[in-house]
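Working through the structure, step by step
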Amino acid sequence: MKIRIICEKEIDAEINEILGNAEKGIIKDDNTLLLTPHQAAGLFTPRRLEMLHHIAKNPHINVSEIAEILHRDWKSVLRDLKYLEGFGLVELVKEGRHRMVDMVSTEQVMAFT
């Protein structure tokens, strides 16, 4: 996945171009997430960046372990992880009583290590 941060004035033009191409049958499958700087700041808070760094360094870690490492409540960690999962950055998998977390792609791991 690629994340592009573009100014709010440009995002409308970008979306219109994508929709125009789709109407013509041209669909690029480049898996790009378009964000304004404001959206990016909300997505990549310091706590979430720290969490992504630990997940990249410790593949297949469980939510409780992340919470312990970061000295945070596991419910808050889980909420942030579900938010990041919604953007396709991490994957949560339930294994027995634990929820395991992994980065979605190796490119993302390289970006956060």
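Anything mentioned here points back to the structure above.
Residues numbered from 1 in each chain as written. Predicted model: local features only at pLDDT ≥ 70, side-chain atom pairs only at ≥ 80, totals over all residues. Heavy atoms only, no water.

**Quick notes on the pattern of salt bridges**
Threshold: Here a salt bridge means any side-chain nitrogen of Lys or Arg lying within 4 Å of a carboxyl oxygen belonging to Asp or Glu. In DSSP terms, a helix is any run of H or I states spanning at least four residues, a strand is any run of E spanning at least two, and both are numbered starting from the N terminus. When accessible area is computed with a 1.4 Å probe and restricted to protein chains, residues below 20% of their type maximum are described as buried, those above 50% as exposed, and intermediate ones as partly exposed.
This model, assessed by the stated rule, comprises three salt bridges. A salt bridge links Arg-4 to Glu-14; the nearest nitrogen and oxygen atoms lie 3.0 Å apart. Within this pair, whereas Arg-4 is found in strand β1 (residues 2–5), its partner Glu-14 is found in helix α1 (residues 8–23), the two being separated by 10 residues in sequence. Here Arg-48 and Asp-80 are joined by a salt bridge, their closest N and O atoms 3.1 Å apart. Of this pair, Arg-48 sits in helix α3 (residues 46–57) while Asp-80 sits in helix α5 (residues 74–86); the two residues are 32 residues apart in sequence, bridging distant segments of the chain. The exposure class assigned to Arg-48 is buried, which follows from its relative accessible area of 12%. Among the residues examined, Asp-80 registers a relative accessible area of 9% and is labelled buried.

**Considering the side chain of Asp-102**
Formally: Charge assignment in this entry is limited to Lys and Arg as positive and Asp and Glu as negative, and neither His nor the chain termini are counted. Polar contact criterion, stated in full: a pair of N or O atoms within 3.5 Å, where within protein one must be able to donate a hydrogen and the other to accept it, and residues adjacent in sequence count only if both atoms are side-chain atoms. Here, two residues are considered to be in contact whenever any of their heavy atoms come within 4.5 Å of each other.
With respect to the element layout, Asp-102 can be found in strand β5 (residues 98–103). Nearest to the buried, unbridged Asp-102 among oppositely charged side chains is Arg-99, at 13 Å. Here His-60 takes part through its backbone nitrogen, which lies 2.6 Å from a polar atom of the side chain of Asp-102. Ignoring anything within four residues of it in the chain, the contact list for Asp-102 reads Ile-55, Pro-59, His-60, Leu-89, Val-90 and Glu-91.

**A few points about α5**
To keep it simple, the criterion reads: The length a helix should cover is 1.5 Å for every residue beyond the first.
Taking 1.5 Å per residue, 13 residues should reach 18 Å; α5 reaches 18 Å between its end C-alpha atoms and fits that length. Residues of α5 that are buried include every one of Ser-76, Val-77, Leu-78, Asp-80, Leu-81 and Leu-84, and no others. If you follow the buried residues of α5, they end up packed against α2 (37–43), α3, α4 (63–70), β4 (90–95) and β5. Looking one or two residues past α5, Gly-88 carries a phi angle of roughly 80°, positive in sign.

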